[in-house]
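Observations on chain architecture
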Amino acid sequence: MYNRYIPPPKPKVSRPSDIPVRPPPVYRAPESEPEPEYVEPAPVPVQTSSWLQPYAKRIDPTIASQPTKIVFGNDDPPAPGAQSSRPLDHAPNGAAEDEKKTPKKSQSKKNKKVKEDEEEADKNPKKRRRVAKEEELEEEEEATGVVEENTPNENEYDEEQKEKRKPKREKKKKPKSDKPEEDDTAVRSRHKSVFEKVAKALQAQAPEEDDDKMDLDGADAEEEAEPVVEHGLEPIPQPAPVAFDESKLTYETLPQWIASPIRVTESTTKSFEELRIASEPAKVLQSKGFKGAFAVQTAVLPLLLPNPDRQGDVVVAAPTGSGKTLSYVLPMIQDISYGRITNLRALIVLPTRDLVQQVQQTCEACTAAFACNGGKRVKIGTAVGNKVFKEEQSAIVEKKQRYDMADDGQSKEQLSSWTTSETVNAEDYASKVDVLICTPGRLVEHIKQTPGFTLDYVRWLVVDEADKLLAQDFQQWLNLVLEKLSVEQRPSRRVFPKSNKKGVRKVILSATMTQDISMLNLLKLSRPKLVVLEGTKAGDQSLPPLLKEYAIKVREPSLKPLYLVDLLQSELPAAASKGEKAVEDDTASASETSDSESSSDSDSSSDSESDSDSDSDSDSSSESEADEPKLKAKVQATAKQSKFNTTALIFTKSNEAALRLSRLLALLVPSLMHLIGTLTSTTKTIRRTRTLRAFTQGKLRILVASDIASRGLDLPNLEHVINYDLPISETAYVHRVGRTARAGRAGAAWTLLEHSEARRFWRDFAGEGKGASTNILRSTPVERVRLGKKIEKVSDDKEETEEDFTEERVQAYEKALAQLQQEATFSRGKKGKSRALKKQY
Ligand SMILES: Nc1ncnc2c1ncn2[C@@H]1O[C@H](COP(=O)(O)OP(=O)(O)OP(=O)(O)O)[C@@H](O)[C@H]1O
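Structure report, in brief. Please read all numbers here as calculations on a predicted model, not as lab measurements.

Here we have 8 strands laid out as an open sheet, ordered E1-E10-E2-E9-E8-E3-E7-E4, and parallel in their pairing. Since the sheet does not close on itself, it has two edges, and those belong to strand E1 (262-264) and strand E4 (380-383), each with one partner. With direction set aside, neighbouring strand axes in the sheet form an average angle of 15°. Summarising the sheet, E1 and strand E10 (residues 529-533) pair through 3 bridges and their orientation is parallel. Paired with Ile262 across the bridge in E10 is Val531. Running at roughly 175° to strand E2 (residues 314-317), helix H12 (residues 295-304) makes contact with E1, E2, strand E8 (460-463), strand E9 (505-510) and E10 of the sheet.

Structure representation (structure tokens):
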């Protein structure tokens, strides 16, 4: 810190005693007030300090002993009787008034006095010197503008000190300021014309600024504006202002049909009659449980039902379980039912065999509805590869029978003799189905190898779970199909009966529709329209509105199966009371069914290794027929005993993981053994079908599955989905959890989270925490819960110290693992032996 330097007070130069002392400034009253009378103040004697004496002497040795008088500034009135060597520049008001009253008198008096002084000075050299000095001092004062005063009291002294402390530069500048001011005005007046020119030139250069000012100031500014006269300082010519493009900037790269889709609110419902479905079919639909149209159906049906206007293709992006299947099956069957002859009119392509069978059921329901209305009974066929190929060929195509004179009509070419579709004339064959529901691989096989299999009459192409089918190009299926559909040998074959549409209508659907334009372009859509739910946009993936999601922290990953057991044995919410009823209802319906194929899986599904292996139609049916009543009784008893009153679908990351987990669960909780089924891609189709049927009928309560079961499966009684392993993507998560909470029902999804998975789950799936980014739209956020008898909501911050499982439970788990290992070794040995045997023979 620096102390500010304060210089010592300078000695004051006292003025000679005879220098007139001016009175203090007089208050100048407002003009309205009466003018105060000037009263001349009495002279104030000031005692010069002893230390000032030498300085005073230096100025005038005569004043050393004389009392000092105060000298005021120019504005101060003169002291009474004081003699001034010059007239006051600015007399105070009072004095000025006085002067005004007697101007001539006082002036002559002054002149007289000056003359006297001069004469006296001539006579008295001492006095002359003093007067000269006085004049000199006054001149100096005038030049510097500083009038040194003798301090009459403490306050004035302080003021003076303050004045002195001001920077010297300021002091020096001050006197100069008077003169330049005068000079400035003089210069201005001299160069007035030049200044005016410059000002005008500047004005002309900034017309816009002036305009703005005019706008702001309004009329006043207009009045002030002067006409611009140019005098050689014209502004430089400027380019004409560019017209401002006021059109809105857009970063939309999507085509119009995706950027502006048809939106439908979730709560919209309509009766089928309102949507122009005849009352008879509507009644049949009602009897099958379709009482009215769901939201997505209210938007899609008008676009697909016959219409005199030209109609384009339709793309539907709606949540899982929202009823997309019926939205295309209904108009398609109605259209085909107008015909009389059976020709292949529609292709429905799906990614899995289970979905093919599911959609077939919906088609059959609609077929029945339109057949009763006097329409054609539409024939539905499937091609999925679970049948022998030749059998499937003869199920969808037949050779036309023609009368042959030579063999008296007895000769019928057998389908089995066909080798290639190239060598035969398609005209000789007829389709046995109007609609073919198929997987893409099998469809390609039929196009290439089935004689007489033609797409010439096809006018509906439906691609369900489109994002999956477009991403995995099975044998270039799409190119091949589109190529066949583009051939129009006879355009009349593709005319829609009750509309002016001709050609092929494409309907593309998914709960997680791709936004990838290059993929959608592969479909070669014509005048497409996109249907989405209100509040969503292209690329969003909405979850069902009544779905609740929970996350469970797995603190000990090696004991993960025990967490699953605890979850299954907890009082699972939204399932307890409802589940109890479901068991009874389902069991009742199961006992009523006369289906001879009803599940034989309950026993065998627990054997994880054999489940994925050999399975033949014959052995399963004989097993089921023999065991059915016994099995039903067993399931009923077990469901009650195990107190597992709900239903759950458990997803694992692979086929093998699903098989192992289902067996381990059975070992850990033997009471659940007969309630567990397994669904993997290695499971035989027929076994998968039975397992699904058993689950729908309530004979099975728990399904352990790989992602084969994640898309499209409709299990109406499923209440809980459990992500035992985290899904690989957002899309996979949406499809997995979408197996529950379908068609307006409630459901719950549980995810077991290991420490290493937690961050990804919360960020990518739940859309919470740092860097959260998810396209999943949900009505309620994911809840963190802790397992116990009752499932409790927890906050993530809570770090628990006590162990999750007792020592006994851990030991039991290790024992079960050892047994599983043993069984796997034994099974491998058995397989090895059978392979060796096969090689021998
Ligand atoms: N109008 C309706 N009235 C009653 N139930 C319906 C109606 N429409 C569809 N459903 C039922 O809703 C359930 C879900 O339908 P669907 O399988 O078509 O859903 P989705 O949208 O295709 O689902 P995902 O995307 O998972 O395949 C099915 O059980 C179906 O029978």
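Having seen the model, we can carry on.
Following the criterion strictly, the structure yields 6 aromatic pairs and no others. Geometrically, the ring pair formed by Tyr563 and Phe805 is edge-to-face, given 4.8 Å between the ring centres and 85° between the ring planes. A residue pair is termed long-range when its members are at least 10 positions apart, and Tyr563 in helix H20 (residues 560-569) and Phe805 in the loop between strand E20 (792-793) and helix H29 (807-840) qualify at 242 residues. Overall, Phe805 belongs to the buried group, its relative accessible area being 10%. Taken together, a centroid distance of 5.2 Å and an interplanar angle of 80° make the contact between Phe761 and Trp762 edge-to-face. What links up through ring pairs into an aromatic cluster is the set Tyr733, Phe761, Trp762 and Phe765. A cation over a ring is seen here: Arg784 above Trp762, with NZ or CZ 3.9 Å from the ring centre.

Turning to the site of the ligand, a few remarks are in order. Gly292, Lys324, Thr325, Asp714 and Arg742 are the nearest of the 20 residues found near the ligand. Contact between the ligand and Ser322: an oxygen atom at 3.2 Å from a main-chain N or O atom of the residue. Here an oxygen atom of the ligand and a side-chain polar atom of Thr325 are 2.7 Å apart. Burial of the ligand by the protein chains amounts to 88% of its free accessible area of 630 Å².

This paragraph deals with the pairing of E9. A large share of E9 lies buried, amounting to 6 of its 6 residues. Across the two faces of E9 the burial is the same, with Arg505, Val507 and Leu509 and Lys506, Ile508 and Ser510 all buried. Judged from the 4 bridges that link them, E2 and E9 form a sheet pairing that is parallel. In the sheet register, Val314 faces E9, and the bridge partner there is Val507. Pairing of E8 with E9 involves 4 bridges; the strand directions are parallel. In the strand pairing of E9, Val462 is matched with Val507.

This part takes up unusual backbone geometry. A positive phi angle, close to 70°, is found at Arg276, a residue other than glycine. Within the secondary structure, Arg276 is located in the loop between E1 and helix H11 (279-287). Classification of Arg276 as partly exposed rests on a relative accessible area of 48%. A positive phi angle, near 50°, is found at Ala743, a position not held by glycine. Here Ala743 is to be found in the loop between helix H27 (730-737) and strand E17 (747-754).

Turning our attention to helix H25 (residues 655-668). The end-to-end C-alpha separation of H25 is 20 Å, in line with the 20 Å expected for 14 residues at 1.5 Å each. Within H25, 11 of the 14 residues are buried, which leaves it mostly tucked inside the rest of the structure. Where H25 is concerned, the buried positions are Asn655, Ala657, Ala658, Leu659, Leu661, Ser662, Arg663, Leu664, Leu665, Ala666 and Leu667.

The next point concerns the environment of Met519. Its location among the elements puts Met519 in helix H19 (residues 517-521). Its relative accessible area of 21% is what places Met519 among the partly exposed residues. Apart from residues no more than four positions distant in its own chain, Met519 is found in contact with Leu470, Ala471 and Thr514.

What you see with E2 is no split at all: Val314 and Val316 on one side and Val315 and Ala317 on the other are buried throughout. Alignment of E2 against E10, held across 4 bridges, turns out to be parallel. Following the sheet pairing, Ala317 is matched in E10 by Val532.

In contact at an axis separation of 8 Å, H11 and helix H14 (residues 353-371) are set at 145° when each is read in the N-to-C sense. As H11 packs across H14, the resulting crossing turns out to be right-handed. Residues Pro281, Val284 and Leu285 of H11 form the contact with H14, whose own contacting residues are Cys366, Ala368, Ala369 and Phe370. The residue inventory of the contact of H11 with H14, partitioned by class, reads 7 nonpolar, no polar and no charged.

Core analysis: the largest hydrophobic core is formed by 48 residues, its most contacted members being Phe272, Tyr328, Met332, Ile333, Ile348, Val435 and Ile437. Apart from the residues lying within four places of it in its own chain, the contact partners of Ile333 are Cys363, Cys366, Thr367, Phe370, Val378, Ile380 and Val435. One finds Val397, Leu455, Trp477 and Val532 within the second-largest nonpolar core, a separate group that totals 38 residues.

Before going further, it helps to examine the pattern of salt bridges. If the charged atoms of two oppositely charged side chains come close together, the side chains can form a pair. Under the criterion given, the structure shown has 18 salt bridges. Between Arg711 and Asp467 there is a salt bridge; the shortest N-O distance is 2.9 Å. Residue Arg711 is found in the loop between strand E15 (702-705) and strand E16 (720-723), and its partner Asp467 is found in helix H17 (residues 466-471); the two are separated by 244 residues along the sequence. Each member of the pair, Arg711 together with Asp467, is buried.

Parameters at a glance
Residues numbered from 1 in each chain as written. Predicted model: local features only at pLDDT ≥ 70, side-chain atom pairs only at ≥ 80, totals over all residues. Heavy atoms only, no water. Pairing = 2+ DSSP bridges. Helix = DSSP H or I, 4+ residues; strand = E, 2+ residues; numbered from the N terminus. Axes fitted to C-alpha atoms, helices over the stretch in contact; angles between N-to-C directions. Contact = heavy atoms within 4.5 Å. Phe/Tyr/Trp six-rings, centres within 6.5 Å; stacked < 30°, edge-to-face > 60°. Buried < 20%, exposed > 50% of the residue type's maximum accessible area, 1.4 Å probe, protein only. Lys NZ or Arg CZ within 6 Å of the ring centre and 35° of its normal. Near = heavy atom within 4 Å. Polar contact = N/O pair within 3.5 Å; in protein donor to acceptor, adjacent residues only side chain to side chain. Areas by Shrake-Rupley, 256 points an atom, 1.4 Å probe, with all protein chains shown as cover. Expected span 1.5 Å × (residues − 1). Left-handed = near helix turned anticlockwise from the far one by under 90°. Nonpolar A, V, L, I, M, F, W, Y, C, P; charged D, E, K, R; others polar. Core = buried A, V, L, I, M, F, W, Y, C linked by side-chain atoms within 4.5 Å. Salt bridge = Lys/Arg side-chain N within 4 Å of Asp/Glu carboxyl O.

None of the figures reported here should be taken as evidence of function without further support.
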